[in-house]
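Here's the letter readout for the chains.
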Amino acid sequence: MKKEQLYSGKAKTIYKTEDPEKLISEFRDSLTAFDGKKKSEAKNKGYFNAQISKKIFEMLEDEGIPTHYISMVSDNEMLVRAVEIILIEVIPRNIAAGSITRKYPIKEGTVFKTPVLVMDYKSDEHGDPMINEDIAVAMGIATYEEIAQIRTMALKVNDILVKYLDKKGFLLPDFKLEFGRVDGKIVVADEISCDTCRLWDKSTGQSMDKDIFRFDKGDLSKAYEEVARRIVPEIFE
Ligand code: UDP
């Protein structure tokens with residue numbers, strides 16, 4: 001099923017399959033932060049993130065949001081539709097944390113009355129600078145129509161996820177989405193996991209995401225396992 005490697009990123013490796021319309025996304029245990037300057041590994045991280053991502057993609061599909069997810073081929077490998085990735089990191093923000101508190105006079109923990117949607121150009125070489133629709137169109141990475149659709153989809157995903165995660169005992173300060181084109185449609189791609197979301201425990205306020213690694217806040221594998229226990233309890237049965 002799995003053929004040659006197509007691409008290896010910081011936390012996932014993408015493989016070709018016999019079907020050119022399908023790829024395999026392998027979630028690895030490796031971790032990086034600060035543009036790859038800080039590196040480590042965490043036991044079972046790939047497994048927990050793959051399972052969390054799978055569950056969230058299935059839930060979004062049930063809610064009418066198309067994603068690239070097809071099925072799981074192993075504990076940490078996902079069969080996905082081959083899409084043309086749009087080079088924009090779309091970040092819905094509900095509570096201020098991370099870069100928005102460093103770049104603007106906005107205090108960490110500020111609850112936004114309406115979600116704040118940030119778009120960054122996905123380019124390590126350029127340091128993922130913030131962009132707007134005019135810059136995206138000028139670079140030729142998306143059309144105005146696509147960006148309008150991406151905004152609408154991102155806000156809908158945010159709405160669904162906030163409610164879903166609230167029931168599991170989490171706050172969702174922010175998260176990163178990527179979108180791809182396939183068959184003339186825009187779909188949610190990449191992953192939605194503890195590596196790409198800020199998740200705060202509702203009762204303790206503790207980070208249960210990659211901030212544990214970024215800021216040495218404790219045992220990352222344990223926290224990801226707890227997130228998995230709440231989102232995919234069936235894998236622990
Ligand atoms: N994020 C991500 N990949 C990136 C950059 C950000 O998944 O390359 C996620 C990050 O985990 C957080 C959200 O996007 O949930 C917002 O990140 P932010 O801009 O605050 O940057 P950071 O503080 O992580 O440097």
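These notes cover the structure that comes with them. Predicted, not measured: the structure shown is a model, and the values here were computed from it. (Residues numbered from 1 in each chain as written. Predicted model: local features only at pLDDT ≥ 70, side-chain atom pairs only at ≥ 80, totals over all residues. Heavy atoms only, no water.)

This part takes up the sheet that holds strand β13 (residues 185–189). Taken in spatial order, the three strands of this open sheet run β8-β12-β13, and their pairing is antiparallel. The open sheet is flanked by β8 (84–85) and β13, the only strands paired with a single partner. Sheet topology note: the strand β12 (residues 178–182)/β13 ladder contains five bridges and is antiparallel. Across the sheet, the residue bridging to Phe-179 is Val-188, located in β13. Relative to the sheet, helix α4 (residues 144–167) contacts β12 and β13, its axis offset from that of β13 by approximately 40°. (Pairing = 2+ DSSP bridges. Helix = DSSP H or I, 4+ residues; strand = E, 2+ residues; numbered from the N terminus. Contact = heavy atoms within 4.5 Å. Axes fitted to C-alpha atoms, helices over the stretch in contact; angles between N-to-C directions.)

So, about the nonpolar core. Grouped together as the largest cluster of nonpolar side chains are 57 residues, with contacts concentrated most on Ile-88, Leu-161, Leu-177, Phe-179, Val-188 and Ile-192. At nine residues, the largest contribution of residues to this core is made by α4. Once residues lying within four places of it in the same chain are set aside, the contact partners of Ile-192 are Ile-52, Ser-53, Ile-56, Phe-57, Leu-60, Leu-161, Leu-177 and Cys-197. (Core = buried A, V, L, I, M, F, W, Y, C linked by side-chain atoms within 4.5 Å. Buried < 20%, exposed > 50% of the residue type's maximum accessible area, 1.4 Å probe, protein only.)

The buried fraction of strand β2 (residues 12–16) amounts to four of the five residues, a majority that puts the element mostly inside the structure. When strand β1 (residues 5–8) meets β2, the two strands line up antiparallel, connected through three bridges. Across the sheet, residue Tyr-7 finds its bridge partner in β2, namely Ile-14. Following β1, the chain reverses through three residues before pairing antiparallel with β2. In this structure, β2 lies alongside strand β3 (residues 22–27), joined through five bridges in antiparallel fashion. Its bridge partner being in β3, Lys-12 is matched across the sheet by Phe-27. If you look at the hairpin formed by β2 and β3, you'll find five residues sitting between the two strands.

Taken together, 16 residues lie around the ligand, and Arg-93, Ser-99, Asp-174, Arg-198 and Arg-214 are the ones closest in. The contact in question runs from an oxygen atom of the ligand to an N or O atom on the side chain of Asp-174, over 2.6 Å. When the ligand is considered free in solution it has 510 Å² of accessible area, and contact with the protein chains removes 81% of it. When residues of the shell around the ligand are traced back to their parent elements, those giving at least two are β9 (88–95), α2 (99–103), β11 (170–175) and β14 (197–201). (Near = heavy atom within 4 Å. Polar contact = N/O pair within 3.5 Å; in protein donor to acceptor, adjacent residues only side chain to side chain. Areas by Shrake-Rupley, 256 points an atom, 1.4 Å probe, with all protein chains shown as cover.)

Worth remembering: the numbers are spatial, not functional.
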